[in-house]
Amino acid sequence: MAALSGGGPRTPSVAVGPVDLAARVDEALAVQALAFGLTDDEIEVRRHIVYRHLLHPGARAHGALTESGRLVGFVYGMPNDRTHWWSTVVEPYLRGNGSDGWLDNSFVITELHVHPGFQGRGIGRSLITTITDCVDQPRSILSAIDTESPARGLYRALGYQDLARQVVFPSAPSPYAVMGAPLPLLRGN
């Protein structure tokens, strides 16, 4: 696990590395609920989705753990497959601008969330770079709410570029942007 400094005497240090997400799904969904504002019903639906995703070949997860073992952030993803639900939704948007080749031979970041009390410390950056550093695919894709946000700023700093914008997912209240980056991700600020 890679260690990140605590940032002060009252802020615990955090280590980032592989984690058994199936065993820690409730902790992960609690972080996601805080970071993303999920209802109890949405959490229950996502629990089943996480378990299903983790069954895909090549799926992997990393977590950010405090010294006491508390999960304060996580990322998971898998090699993309055009038959996955996410790909079937984004494919027409990508095809419309000639970017649908990104759906092949890519590692998709399915979820990345950091507890609000631990944001702004480089944990999200460490999570996404460590998980993508150990995949076989030459590039990574993801979707993020299509607004100017710290998350989108982080993705751009890592080399992700917009592939499609205003992508509408069924039942999502806001449109998303699909972003892609060659691997390894950029380092630095």
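Computed from a predicted structure; not experimentally measured. Residue positions within a chain follow its written sequence, with the count starting from 1. Totals for whole chains, interfaces and linings use all residues, but because this is a predicted model, local features are given only for residues with pLDDT of at least 70 and pairs of side-chain atoms are given and counted only at 80 or more. Heavy atoms from the whole structure form the basis of all side-chain values; hydrogens and water molecules are not counted.

A. Representation of the overall build of the protein chain within the structure. Counting secondary structure elements, the protein chain contains five helices and eight strands. Working definition: helices are DSSP H or I runs of at least four residues, strands are E runs of at least two. Numbering for both runs from the N terminus. When the helices and strands of the protein chain are placed in sequence order, the string is β-β-α-α-β-β-α-β-α-β-α-β-β. Radius of gyration: C-alpha atoms only; globule rule: 2.2 Å multiplied by the number of residues to the exponent 0.38. For 189 residues, the compact-globule estimate of 2.2 N^0.38 gives 16 Å, and the protein chain sits close to it at 16 Å. Taken along its principal axes, the extent of the C-alpha atoms in the protein chain is 50 × 40 × 30 Å. Note on exposure labels: buried denotes an accessible area under 20% of the residue type's maximum, exposed denotes more than 50%, and partly exposed covers the range between, all computed with a 1.4 Å probe on protein chains only. The proportion of buried residues among the 189 residues of the protein chain is 46%. The contact definition used throughout considers only heavy atoms, calling two residues in contact when any of these lie within 4.5 Å. Here the contacts in the protein chain between residues at least 6 apart in sequence split such that 65% fall between residues at least 24 apart. The Shrake-Rupley method, run with a 1.4 Å probe sphere, supplies the accessible areas, and residue values consider only the shown protein chains as cover. Surface accessibility of the protein chain: about 9,300 Å² in total, with carbon and sulfur atoms responsible for 54%.

B. Fine view of the pattern of salt bridges. We define a salt bridge as a contact between a side-chain nitrogen of Lys or Arg and a carboxyl oxygen of Asp or Glu at a distance within 4 Å. Applying the stated criterion across every chain yields a total of 14 salt bridges. Glu111 is paired through a salt bridge with Arg46; the nearest N and O atoms lie 3.3 Å apart. With Glu111 in strand β5 (residues 106-114) and Arg46 in helix α2 (residues 40-54), the pair connects residues that are 65 residues apart, well separated along the chain. Glu148 serves as the salt-bridge partner of Arg152, at 3.9 Å between the closest nitrogen and oxygen. For Arg152, a relative accessible area of 0% gives the class buried.

C. Local environment of unusual backbone geometry. The omega torsion across Leu183 and Pro184 is 0°, close enough to zero to call that bond cis. Within the element layout of this structure, Pro184 appears in the segment after β8 (176-182). With phi around 70°, Ser171 is a residue other than glycine that occupies positive phi space. Here Ser171 lies in the loop between β7 (161-167) and β8.

D. Geometry of the packing of aromatic side chains. Pairing of aromatic rings covers Phe, Tyr and the six-membered ring of Trp, with a centre-to-centre limit of 6.5 Å; geometry is then stacked below 30 degrees between planes, edge-to-face above 60, and tilted otherwise. Using the criterion set out here, one finds three aromatic pairs in the structure. Between Tyr155 and Tyr160, the ring centres sit 5.8 Å apart and the planes meet at 65°, which makes this aromatic pair edge-to-face. Across the pair, exposure class does not vary: Tyr155 and Tyr160 are buried alike. With 5.2 Å between their ring centres and 90° between their planes, Phe169 and Tyr176 make a pair best called edge-to-face. An identical accessibility class is assigned to Phe169 and Tyr176; each is buried. The ring of Trp102 has Arg139 sitting right over it, with the charged end atom 5.0 Å from the ring centre. Two conditions define a charge sitting above a ring: the NZ of Lys or the CZ of Arg must be within 6 Å of the ring centre, and it must be within 35 degrees of the ring normal.

E. Spotlight on the side chain of Arg152. Tracing the backbone shows Arg152 in helix α5 (residues 150-157). Here Arg152 is in contact with Ala144, Ile145, Asp146, Thr147, Asp162, Arg165, Ala177 and Met179, once residues within four sequence places are set aside.

F. The side chain of Ser87, seen in detail. In this structure, Ser87 sits in helix α3 (residues 85-96). Aside from chain neighbours lying at most four places away, what touches Ser87 is Asn80, Asp81, Arg82 and Leu103.

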